[in-house]
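Tertiary structure, described
Each chain, letter by letter, is given below.
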Amino acid sequence: MCAMYVIVNPIAGRGYGARAAPEIERILNGLGVAFDLTLTARAGEAVDLARRAVLDGYDTIVAAGGDGTYQEVINGMLQAADDGEVGTLGVLPVGSGCDFSYAVGIPPTLEEACARLVDGQARPIDLGRVTVDVPLAGDAPTRYFDNTVGI
């Protein structure tokens, strides 16, 4: 079992995510990190991948993308947590909107951000939860968010 699962959004940053994936692999291999890396193939897939990674026992789930990717990964991790401990979220800023990574002090370069994954300290973050009650739609969907929510 690898300790780290990296989820890359290939269309983040107008395609920079896809170009950054081999570089992320190179850097993490150079740092001696045990990891698995996968690229998403569709919108919303990072939710499923993150949920599965938590259930499979990965210690750290890394979202490589922008704010949308981070939010999907957070939602997948929390779906798997079932009100329990969720593990550690890592972020690599490769999207066009990386406000969350900036707010929590993640360096903007891949080299520095990957090094932070290895050498940084985990810290708790606040999350928000929104439940949308739509009449006649069945279950009210609940979504979690980190730094922004749009309605």
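Source: prediction; values computed, not measured.

Below, the discussion takes up the layout of surface pockets. Left-over empty space is what a probe sized like a water molecule reveals as it rolls over the atoms. Counted as a void, the largest pocket has a volume near 800 Å³. Together, 26 residues line the largest pocket, and Thr 88, Leu 89, Gly 90, Ala 122 and Arg 123 are the ones closest to its centre. Put simply, the parts of the chain that give the lining of the largest pocket at least two residues each are α3 (67-81), β4 (88-93) and α5 (110-119). Among the elements that take part in the lining of the largest pocket, β4 stands out by supplying four residues, more than any other. Its residues placed into classes, the lining of the largest pocket shows 17 nonpolar, seven polar and two charged.

Looking now at the packing of aromatic side chains. Per the counting criterion, the structure on display carries two aromatic pairs. Here the aromatic rings of Tyr 5 and Tyr 58 are separated by 4.9 Å at their centres, their planes lie at 55 degrees, and the arrangement is tilted. On the criterion of sequence distance, the pair formed by Tyr 5 in strand β1 (residues 4-8) and Tyr 58 in the loop between α2 (45-55) and β3 (60-65) is long-range, its members being 53 residues apart. Its relative accessible area of 13% is what places Tyr 5 among the buried residues. Under the relative-accessibility criterion, Tyr 58 is labelled buried at 13%.

One open sheet holds the four strands; their spatial order is β2-β1-β3-β4, and the pairing between them is parallel. Of all strands in the sheet, those bounded by a partner on one side alone are β2 (35-39) and β4. Neighbour to neighbour, the strand axes of the sheet diverge by 20 degrees on average, direction disregarded. Across five bridges, β1 lies against β3 in parallel orientation. Directly across from Ile 7, in β3, lies its bridge partner Ala 63. The sheet contacts of helix α1 (residues 12-30) involve β1, β2, β3 and β4, and relative to β2 the element is tilted by about 160 degrees.

Mapped onto the elements of the fold, Ser 101 is located in helix α4 (residues 99-103). The contact partners of Ser 101, leaving out residues within four places of it in the chain, are Tyr 70, Val 91, Pro 93 and Ile 106.

This part is about α5. Along α5, the residues classified as buried are Leu 110, Ala 113, Cys 114 and Leu 117. Take α5 and look down its axis: the buried residues cluster within an arc of 100 degrees, on one side only. Contact partners of the buried residues in α5: β1, α1, β3 and β4.

Contact pair α2 / α3: the axes reach a minimum separation of 7 Å and the direction vectors enclose 40 degrees. The angle between α2 and α3 falls in the class oblique. Seen from above, α2 lies across α3 with right-handed handedness. For the pair α2 and α3, contact is made by Glu 45, Ala 46, Val 47, Ala 50, Arg 51, Val 54 and Leu 55 and by Glu 72, Val 73, Asn 75, Gly 76, Met 77, Gln 79 and Ala 80, respectively. Considered class by class, the residues forming the contact of α2 with α3 number eight nonpolar, three polar and three charged.

Axes are the key here: two packed helices are described by the angle between their axes and the distance separating the axes. As a packed pair, α1 and α5 sit with axes 10 Å apart at the nearest point and diverge in direction by 55 degrees. On the basis of the axis angle, α1 is oblique to α5. Of the two elements, α1 crosses α5, and the hand of that crossing is right-handed. Residues Tyr 16, Ala 20, Glu 23, Ile 24, Arg 26, Ile 27 and Leu 28 of α1 lie in contact with α5, whose contacting residues are Leu 110, Glu 111, Cys 114 and Leu 117. In terms of residue class, the contact of α1 with α5 is built from eight nonpolar, no polar and three charged.

What counts, and at which threshold
Residues numbered from 1 in each chain as written. Predicted model: local features only at pLDDT ≥ 70, side-chain atom pairs only at ≥ 80, totals over all residues. Heavy atoms only, no water. 1 Å grid on protein atoms, 1.4 Å probe; cavity = no way out; pocket = protein on both sides within 12 Å on 5 of 7 lines; lining within 4 Å. Points joined across faces, edges and corners; volume = space filled by probe spheres on them. Helix = DSSP H or I, 4+ residues; strand = E, 2+ residues; numbered from the N terminus. Nonpolar A, V, L, I, M, F, W, Y, C, P; charged D, E, K, R; others polar. Phe/Tyr/Trp six-rings, centres within 6.5 Å; stacked < 30°, edge-to-face > 60°. Buried < 20%, exposed > 50% of the residue type's maximum accessible area, 1.4 Å probe, protein only. Pairing = 2+ DSSP bridges. Axes fitted to C-alpha atoms, helices over the stretch in contact; angles between N-to-C directions. Contact = heavy atoms within 4.5 Å. Arc of directions from axis to C-beta. Parallel < 35°, antiparallel > 145°, perpendicular 65-115°, else oblique. Left-handed = near helix turned anticlockwise from the far one by under 90°.

Function cannot be read off these values alone, since they describe shape.
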